[in-house]
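As a plain string of letters, each chain reads:
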Amino acid sequence: MSTRTLVIGVLALQGDVREHLGALAAADAEARTVRRPDELAEVDGLVIPGGESTTMSKLAALFGMLEPLRARVRDGMPVYGTCAGMIMLAEKILDPRSGQETIGGIDMIVRRNAFGRQNESFEAAVEVDGVDGGPVEGVFIRAPWVESVGAEVKVLASYGGHVVAVRQGNALATSFHPELTGDHRLHRLFTEMVRDGRASQSR
């Protein structure tokens, strides 16, 4: 198996990029910003951060990133989306803005800003299946929730009766922002997903 350092990118078009870079470094990955297709080609996995999903979609199209992102996710590249990143990984948005596109990768329908606007942001303890050590502190900022999932999607967490964390194959998504709390367990989970994905490709 390759001993090359695990390289995980953070899509750096818009959103809380710096916090994810720090969390990934704490989870023993080499973290890089990704803005162009050639940078995307060099990473083993990718985090799509929180931010504004409509703006992110438009910038991805402007930078020529939408199709390369879709292709890599379709080919099995591990990917983790938080908040706006969850929306980007959905196959369908319940209430999209005009012209808003997604990358896809998780068979789910999401509702934008489902937990309320910026001034209704909150923190809550969330039990996440597959994350040991007790609940994680979920920071919900204009957060989406998952309305429905397909048969191959595993629900990892719910809050207030709504699905807030899911996984399908190599794709992981959370409504909340673990990168803002100093708790890096979800980033470690994703790092292991990336490591496992690279190991299976090298066999």
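What counts, and where the lines are drawn
- Once a new chain begins, its residue numbering starts again from 1 and follows that chain's sequence as written.
- The predicted origin of the model limits local features to residues at a pLDDT of at least 70 and limits the giving and counting of side-chain atom pairs to 80 or more, whereas totals for whole chains, interfaces and linings rest on all residues.
- Working from all heavy atoms in the structure, the side-chain values ignore hydrogens and water.
- Strands here are runs of E lasting at least two residues and helices are runs of H or I lasting at least four, both read from the DSSP assignment and numbered beginning at the N terminus.
- Radius of gyration here is computed from C-alpha atoms only, and the compact-globule reference equals 2.2 Å multiplied by the residue count raised to the power 0.38.
- Only protein chains enter the accessibility calculation, which uses a 1.4 Å probe; a residue whose area is less than 20% of its type maximum is buried, one above 50% is exposed, and one in between is partly exposed.
- Whether two residues are in contact is decided by their heavy atoms: any pair within 4.5 Å suffices.
- Accessible areas in this description were obtained via Shrake-Rupley with a 1.4 Å probe; residue shielding takes into account the shown protein chains only.
- We count Lys and Arg on the positive side and Asp and Glu on the negative side, and we leave His and both chain ends out.
- Where a charge lies is defined by one atom per residue type: Lys uses NZ, Arg uses CZ, Asp uses CG and Glu uses CD.
- Whenever a carboxyl oxygen of Asp or Glu lies within 4 Å of a side-chain nitrogen of Lys or Arg, that contact is scored as a salt bridge.
- Strands pair, by our definition, only if DSSP identifies at least two bridges between them.
- Taking the helix axis as origin, the arc is that swept by the directions to the C-beta atoms.
- In these notes, a set of buried Ala, Val, Leu, Ile, Met, Phe, Trp, Tyr and Cys residues joined through side-chain atoms within 4.5 Å is what counts as a nonpolar core.

> I'd like a description of the overall build of the protein chain, backed by residues and values.
On a plain count of helices and strands, the protein chain comes out with six helices and 12 strands. The C-alpha atoms of the protein chain give 15 Å as radius of gyration, which agrees with the globular expectation for 203 residues (17 Å, within 12%). A buried classification covers 52% of the 203 residues belonging to the protein chain. A sequence separation of at least 24 residues applies to 66% of the contacts in the protein chain between residues at least 6 apart. With the model as given, the accessible surface of the protein chain reaches about 9,000 Å², and the carbon-plus-sulfur share is 46%. Looking at charge distribution, the protein chain has the averaged site of its 22 positive side-chain charges lying 4 Å from that of its 27 negative ones.

> Break down the pattern of salt bridges for me, with residues and values.
Side chains that carry opposite charge are capable of pairing whenever their charged atoms lie near each other. Taken as a whole and assessed by the stated rule, the structure comprises 11 salt bridges. Salt-bridge contacts for glutamate 101 lead to arginine 70; the nearest nitrogen and oxygen are separated by 3.1 Å. Taken together, the residues span a long stretch of sequence, with glutamate 101 in the loop between β5 (90-93) and β6 (106-111) and arginine 70 in helix α4 (residues 66-74) at a distance of 31 residues. The class for arginine 70 is buried, based on a relative accessible area of 17%.

> Could you give an account of the pairing of strand β12 (residues 171-174), with specific residues and numbers?
Each regular strand displays side chains that alternate between the two surfaces of the sheet. Every second residue of β12 is oriented toward a common face, with Ala171 and Ala173 on one face and Leu172 and Thr174 on the other, all of them buried. Pairing of strand β11 (residues 162-168) with β12, which is carried by four bridges, proceeds in the antiparallel orientation. Counterpart to alanine 165 in the pairing with β12 is threonine 174. The antiparallel hairpin formed by β11 and β12 contains two residues in its connecting segment, where glycine 169 sits at a positive phi of about 60°.

> Go over helix α1 (residues 17-26) with me, naming the residues and quoting the values.
Here α1 has its buried residues at Val17, His20, Ala23 and Leu24. Taken down its axis, α1 places every buried residue within 125° of arc, on the same side. One or two residues past the end of α1 sits aspartate 28, with phi positive at roughly 70°.

> Which residues make up the nonpolar core, and what values do they have?
One finds Leu40, Leu46, Ile48, Ile106, Met108, Val110 and Val166 to be the most contacted residues of the largest nonpolar core, which totals 33 residues. Looking at this core element by element, the count peaks at five residues for helix α5 (residues 84-89). Aside from chain neighbours lying at most four places away, what touches leucine 40 is Val34, Leu46, Met65, Pro68, Leu69, Arg72 and Met77. Residues Val47, Ala114, Val131 and Val164 belong to the second largest nonpolar core, which totals 30 residues.

> Would you mind going over α4 in detail, with residue names and values included?
Where α4 is concerned, the buried positions are Leu66, Leu69, Arg70 and Val73. Here the buried residues of α4 occupy an arc of 100° about the axis, which is enough to place them on one side. Contacts made by the buried residues of α4 are with β1 (7-11), α2 (37-40), β3 (45-48), α3 (53-62) and β4 (79-82). The positive-phi residue at the C-terminal boundary of α4 is glycine 76, with phi of around 105°.

> Pulling in residues and values, what's your account of unusual backbone geometry?
For asparagine 113, which is not glycine, the phi dihedral falls at a positive 50°. With respect to the helices and strands, the residue asparagine 113 is situated in the loop between β6 and β7 (122-126). One non-glycine residue, arginine 142, lies in the positive phi region at around 50°. The residue arginine 142 is located in the loop between β8 (136-140) and β9 (145-149) in this model. Taking the relative accessible area as the measure of exposure, arginine 142 reaches 27% and is therefore partly exposed.

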